[in-house]
There are 2 protein chains.
Amino acid sequence: MYPNKFIKLIDIYEKLPGVGNKTAQRYAFSLLDYSKEEIDECIKALQDVKEIKKCKCCGFLADEEYCPICLDSGRDENTIMVVAYPQDLVAIEKIGTYHGLYHVLGGLISSSKGVFPEDIEIDSLLKRINENTKEVIIATSPTMDGEMTALYLDRILKNKKIFVTRLAHGLPMGSNLDYADELTLIKAMDNRQEMKEND
Amino acid sequence: MYPNKFIKLIDIYEKLPGVGNKTAQRYAFSLLDYSKEEIDECIKALQDVKEIKKCKCCGFLADEEYCPICLDSGRDENTIMVVAYPQDLVAIEKIGTYHGLYHVLGGLISSSKGVFPEDIEIDSLLKRINENTKEVIIATSPTMDGEMTALYLDRILKNKKIFVTRLAHGLPMGSNLDYADELTLIKAMDNRQEMKEND
């Protein structure tokens, strides 16, 4: 019923994650109201997509060969935080308290999805690690795949005599204890810490 | 933190209706996995947006001057169904039981949004109506603006001695009576119909 050019537009929106036909139509209709300049802006952004690079050092997104974090001489080169995806790096950076470097794996080891250690950026992590590396912080999500990846990394890094830490698991701040799931409660008890006066 | 080209990509997705920063990021990340061909397809669809026309007769979307429905000689020219938006036309067409023509207003009269009769395609509707027009079906949504537009159209069309009907209001099929809102129940009672044997 719709003209072909409009159907094409719906089609490209329907390919986006979590977008069904109804939402894709809504997006396509909103585009009909765009000015020529706004459309050109969208086209330019799409044309530039293939120029977005992966940082040669950490695997984060970059305009040039290296990302701004790896290029920043003010960062603490002794610490590397390992995350699964670029989004995770951004979440940590937003807090603004971590000043070390990162390594983006680009995925997680997963038996269900058939992702093996060689499919993600583990080799490049091992190559980066040198005598300056004091600590590797594993910051994968506490999911099945995240845990599996963390255990794997821990094993191979410890073989190399590197000090490995992992983000703490426990009760999320502001949550109600009686709403916490069993596994979180067990972790919170296992990882309990001595109270300090200024806590 | 993200490279500029990626931020631009997030920006264009964030402009879509109902899309926040988090969803826009998700869309932008999904695009990074597209092949060169898929990106080119998206660019082509956007380039074609400004070539999508409005049908010169009914106001629906069209590749050429007229839409396929207006060009279809098999449609019943004696009936015109008036809808607010192209999406409404598509909803009716999907049922497949209506074989008349349409007229897309491109909006609804609205005192709150300051939309007046001259801002929507009412003039072009009046120009279309001729001695062949036996019935105009008003199919605006039963909302405040939809009702206002229906009343306005009814008045000016009746002045022209045209038979005007309106989609029925009542209980939606498969609904529970005790969940129906008051206004719907009142409409359902007012519009009650004599039972027929084959009902």
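Residues numbered from 1 in each chain as written. Chains lettered and ligands numbered in written order. Predicted model: local features only at pLDDT ≥ 70, side-chain atom pairs only at ≥ 80, totals over all residues. Heavy atoms only, no water.

Thoughts on the sheet that holds strand 5 (residues 135-138) of chain B
All names here are of chain B. One open sheet holds the four strands; their spatial order is 4-3-5-6, and the pairing between them is parallel. In this open sheet, the two edge strands, each paired with only one partner strand, are strand 4 (100-104) and strand 6 (163-166). In this sheet, adjacent strand axes meet at a mean angle of 25° when their direction is disregarded. Lying over the sheet, helix 5 (residues 86-95) contacts strand 3 (76-83) and strand 4, oriented at roughly 160° with respect to strand 4. Here helix 7 (residues 144-159) sits on the sheet and contacts strand 3, strand 5 and strand 6; the angle it forms with strand 6, its principal contact strand, is near 165°. (Pairing = 2+ DSSP bridges. Helix = DSSP H or I, 4+ residues; strand = E, 2+ residues; numbered from the N terminus. Axes fitted to C-alpha atoms, helices over the stretch in contact; angles between N-to-C directions. Contact = heavy atoms within 4.5 Å.)

Brief notes about the interface of chain A and chain B
Across the boundary between the two partners, chain A contributes 49 residues, which contact 49 residues of chain B. With both sides pooled, the region where chain A packs onto chain B buries about 4800 Å², and carbon together with sulfur makes up 72% of that total. Interface area lost by chain A to chain B is led by Met1, Lys5 and Leu46 of chain A, which between them contribute 16%. Linking chain A with chain B are six salt bridges, by the criterion used here. Between Lys15 of chain A and Glu41 of chain B there is a salt bridge; the shortest N-O distance is 3.8 Å. Linking chain A to chain B there are seven residue pairs in polar contact (both at pLDDT 80 or more). Elements with a contribution of two residues or more to the side of chain A that touches chain B: helix 1 (4-14), helix 2 (21-32), helix 3 (36-49), strand 2 (61-62), helix 4 (68-71) and helix 5 (86-95) of chain A. Residues belonging to the side of chain A that touches chain B are distributed by class as follows: 30 nonpolar, seven polar and twelve charged. (Buried area = accessible area lost by both parts, 1.4 Å probe. Salt bridge = Lys/Arg side-chain N within 4 Å of Asp/Glu carboxyl O. Polar contact = N/O pair within 3.5 Å; in protein donor to acceptor, adjacent residues only side chain to side chain. Nonpolar A, V, L, I, M, F, W, Y, C, P; charged D, E, K, R; others polar.)

Section: the relation of the copies chain A and chain B
Rotating chain A by 180° about the axis while translating it 0.0 Å along that axis superimposes it on chain B, leaving an RMSD of 0.1 Å. A rotation of that kind, with that shift, is consistent with a two-fold axis. Residue Ile43 of chain A, judged by its C-alpha, is the member of chain A lying nearest the rotation axis, at 2.8 Å. (Least-squares fit on C-alpha atoms with pLDDT ≥ 70 in both.)

Comments concerning the nonpolar core
Within the largest apolar cluster, 78 residues are counted, with the highest numbers of intra-cluster contacts made by Leu9 and Tyr13 of chain A together with Leu9 and Tyr13 of chain B. Those residues in contact with Tyr13 of chain B that lie beyond four places of it in its chain are Tyr13 and Leu16 of chain A together with Val19, Ala24, Tyr27, Ala28 and Leu31 of chain B. (Core = buried A, V, L, I, M, F, W, Y, C linked by side-chain atoms within 4.5 Å. Buried < 20%, exposed > 50% of the residue type's maximum accessible area, 1.4 Å probe, protein only.)

Focus: the sheet that holds strand 5 (residues 135-138) of chain A
Residue and element names in this part refer to chain A. Sheet architecture is open: four strands sit in the order 4-3-5-6, paired in parallel fashion. In the strand order of this sheet, the two ends are held by strand 4 (100-104) and strand 6 (163-166), each with one partner. Going from strand to strand, the sheet's axes swing by 25° on average, the running direction of each strand aside. With respect to the sheet, helix 5 is in contact with strand 3 (76-83) and strand 4, its orientation differing from that of strand 4 by roughly 160°. Docked against the sheet, helix 7 (residues 144-159) engages strand 3, strand 5 and strand 6, running at close to 165° with respect to strand 6.

Some thoughts on the pattern of salt bridges
Two side chains of opposite charge can pair, provided their charged atoms sit close to one another. Counted according to the given criterion, the structure contains 22 salt bridges over all chains. Residue Lys5 of chain A is joined to Glu51 of chain B by a salt bridge in which the shortest nitrogen-to-oxygen separation is 3.0 Å. Of the two residues, Lys5 of chain A is situated in helix 1 and Glu51 of chain B in the loop between helix 3 (36-49) and strand 1 (53-54); the pairing between them involves two chains. Here Arg75 of chain B makes a salt bridge to Glu93 of chain B, at a shortest N to O gap of 2.8 Å. Taken together, the positions of Arg75 of chain B in the loop between helix 4 (68-71) and strand 3 and Glu93 of chain B in helix 5 put the pair 18 residues apart, joining distant regions of the chain. Linked through salt bridges whose partners overlap, the residues forming this network are Lys15 of chain A together with Glu38 and Glu41 of chain B.

So, the environment of Cys57 of chain B
Residues and elements named next belong to chain B. As for its position among the elements, Cys57 is in the loop between strand 1 and strand 2 (61-62). By relative accessible area, which is 25% here, Cys57 ends up partly exposed. In contact with Cys57, other than residues within four places in its own chain, are Tyr66, Cys70, His103 and Arg128.

Structural notes on the environment of Ile69 of chain A
Along the chain, Ile69 of chain A turns up in helix 4. What makes Ile69 of chain A buried here is its relative accessible area of 8%. On a C-alpha basis, the gap between Ile69 of chain A and Ala188 of chain A in space is 33 Å, while along the polypeptide they are 119 residues apart. Setting aside anything within four residues of it in sequence, one finds Ile69 of chain A in contact with Arg75, Leu89, Glu93, Leu101 and Tyr102 of chain A together with Met1 of chain B.

Regarding helix 5 of chain B
Taken as a whole, helix 5 of chain B has its buried residues at Pro86, Leu89, Val90, Ile92 and Glu93 of chain B. Down the axis of helix 5 of chain B, the smallest arc covering the buried residues is 165°, so these residues share one side. Of the residues in helix 5 of chain B, the exposed ones pointing more than 90 degrees away from the buried face are Lys94 and Ile95 of chain B. Those residues of helix 5 of chain B that are buried are in contact with helix 2 of chain A together with strand 2, helix 4, strand 3 and strand 4 of chain B. (Arc of directions from axis to C-beta.)

Any link to function would need more than the numbers given here.
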